[in-house]
Amino acid sequence: MKKFSIVIAGGGSTYTPGIVMMMMDNLHRFPIRSLKLYDNDGERQETLAKAIGIVMKEIAPEVEFSYTTDPKEAFTDVDFCMAHIRVGKYAMRELDEKIPMKYHVVGQETCGPGGIAYGMRSIGGMMELIDFMEKYSPDCWMLNYSNPASIVAEACRVLKPNSKVLNICDMPVGTKRRMGYIVGRDPKDMDVKYFGLNHFGWWTSVKDKDGTDLMPQLLDYVSKNGYLTEKAVETQHMDESWQLTHKKAADLLKLEPDFLPNTYLKYYLYPDYVVEHTDPNHTRANEVIEGREKEVFSAARAIIQAGTAKGGEFSIDNHASFIVDLACAIGFNTREQMLCIVENKGAISNFDPTAMVEVPCLVGNEGPEPLCQGNIPTFEKGMMEEQLAVERLVVEAWIEGSYLKLWQALTLSKTVPSASVAKQILDDLIEANKEYWPELK
Ligand code: NAD
Ligand code: G6P
Ligand code: MN
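None of these values were measured; they are calculated from a predicted model.

Undergrad: Describe the overall build of the chain, with residues and values.
TA: From N to C terminus, the chain includes 16 helices and twelve strands. In the chain, once contacts between residues fewer than 6 apart in sequence are set aside, the share between residues at least 24 apart is 72%. Approximately 17800 Å² of the chain is accessible, and the part contributed by carbon and sulfur atoms is 50%. Here the chain holds 47 positive side-chain charges and 63 negative ones, and the gap between their average locations is 1 Å.

What follows is the structure, given as structure tokens:
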């Protein structure tokens with residue numbers, strides 16, 4: 001079997017140790033000869049890398065392991081780049097969440113003004129990674145899950161139309177796993193139909209492999225409990241704030257009783273509820289800094305100090321095994337069906353063919369082929385058209401350095417009540433993002 005060479009961009013990410021452990025656990029189906037970490041923050045990355053180096057020696061000494069901040073070293077001789085960068089790190093996520101909240105507007109990582117601000121930072125970082133990849137390993141595929149994935153995907157479509165970049169999100173994977181608990185099935189044995197934009201979509205069908213319709217049971221359950229499940233053995237999305245999000249799906253279903261909603265729709269359909277239930281002085285960024293980030297970095301320091309991972313291993317991030325599924329689909333042409341963020345090209349028949357949409361695709365060695373989902377109803381289509389325009393305006397604003405287009409984007413976002421509030425938020429965001437955004441005129 002072919003052995004692959006991998007670079008993880010965003011080596012200092014809180015997800016890196018779990019993903020490395022998961023990849024080591026999957027070597028039998030996805031063999032790796034070399035694994036490199038790359039980050040532009042050498043110090044942050046080094047803490048994780050030193051600990052991962054110790055673990056790798058103990059569990060997979062045959063895999064060559066290294067880490068670097070040098071793009072040439074990182075991107076030379078690689079088959080896949082797994083990208084999960086966060087331009088501006090948690091310090092900027094915190095501001096993305098807190099600035100809109102000052103105006104009683106949703107403050108969220110990828111939705112509304114926070115997502116727009118994050119998008120304006122991510123585009124440059126992502127374009128730089130793609131340039132490195134194409135310069136040093138032109139045949140490499142980038143599997144990107146850096147957020148906000150929809151804005152990044154639109155920027156790729158416009159600025160890098162021929163690049164081998166596949167944007168993907170783990171939310172549909174995670175929610176499908178919860179559906180599996182609800183109906184007592186292995187998620188791999190469930191066939192779905194789905195349409196939407198990233199963090200903005202609906203399942204229209206969930207069936208067993210033998211064709212049994214699982215929707216009636218799922219709709220009934222979700223209408224009562226949302227996606228809260230008792231026996232979830234999850235490694236992510238377990239904090240109290242996430243439990244509220246899973247539960248809120250019950251209210252999302254009231255607006256469209258026939259489809260199962262993506263949990264992120266709560267920010268667009270119930271923004272007033274979200275604002276009421278958010279502490280403006282302690283947002284999700286603070287929870288993550290005090291939770292996941294602290295745990296992962298403490299574990300790394302403990303391993304380094306002990307000089308061994310025995311007794312204090314990093315946990316295996318099984319939730320991320322879809323990344324290996326995706327790499328296998330491309331590397332071994334498995335043509336597995338997966339939800340990816342791709343150019344519509346008619347998959348949603350009555351929607352802009354050039355929109356970057358999230359739909360089931362067959363993934364093989366040439367990348368994802370979208371599967372036809374047919375026509376969508378007026379309510380969802382209207383919401384998606386508005387949100388698509390927001391995402392497009394952000395990308396245009398970044399390319400043209402246009403203040404007006406970014407103001408239009410914020411004004412058009414369903415989470416923002418008026419052009420005047422949009423302007424106040426925008427002016428604060430510009431001040432906070434000076435180091436990261438292009439200058440707007
Ligand atoms: P994190 O801040 O812990 O890690 C991000 C790393 O990226 C940091 O070490 C940072 O220094 C590095 N970085 C920033 N800009 C860079 C650049 N230009 N070049 C190289 N490295 C750079 O963040 P995290 O919480 O672990 O999340 C990482 C990313 O994964 C985020 O974008 C997050 O939104 C995304 N994410 C996506 C999904 C999904 O389903 N799509 C799921 C989980 C996380
Ligand atoms: C889900 C989404 C990601 C997002 C993450 C945030 O997995 O699909 O796109 O980054 O949640 O989780 P966090 O724990 O950082 O709030
Ligand atoms: Mn996501």
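Undergrad: Pulling in residues and values, what's your account of the sheet that holds strand β7 (residues 190-197)?
TA: With antiparallel pairing, three strands are arranged side by side in an open sheet as β7-β8-β9. Every interior strand has two partners, whereas the edge strands, β7 and β9 (260-261), have only one. As defined by bridge partners, strand β8 (residues 200-208) adjoins β9 across two bridges and the pair is classed as antiparallel. What sits directly across from Trp202, in β9, is Pro261. Across the sheet, helix α7 (residues 171-183) is in contact with β7, β8 and β9; its angle to β7 comes to roughly 140°.

Undergrad: If you had to explain the site of ligand 1 to someone new, which residues and values would you point to?
TA: Taken together, 26 residues are adjacent to ligand 1, and Ser13, Thr14, Asp39, Tyr90 and Tyr118 come closest. One nitrogen or oxygen atom from the side chain of Arg86 is found 2.9 Å from an oxygen atom belonging to ligand 1. Contacts to ligand 1 include Tyr118, whose side-chain N or O atom sits 2.5 Å from an oxygen atom. Of all the elements in the fold, those that place two or more residues in the shell around ligand 1 are α4 (89-102) and α5 (112-136).

What counts, and where the lines are drawn
Residues numbered from 1 in each chain as written. Chains lettered and ligands numbered in written order. Predicted model: local features only at pLDDT ≥ 70, side-chain atom pairs only at ≥ 80, totals over all residues. Heavy atoms only, no water. Helix = DSSP H or I, 4+ residues; strand = E, 2+ residues; numbered from the N terminus. Contact = heavy atoms within 4.5 Å. Areas by Shrake-Rupley, 256 points an atom, 1.4 Å probe, with all protein chains shown as cover. Lys, Arg positive; Asp, Glu negative; His and termini not counted. Charge placed at Lys NZ, Arg CZ, Asp CG, Glu CD. Pairing = 2+ DSSP bridges. Axes fitted to C-alpha atoms, helices over the stretch in contact; angles between N-to-C directions. Near = heavy atom within 4 Å. Polar contact = N/O pair within 3.5 Å; in protein donor to acceptor, adjacent residues only side chain to side chain.

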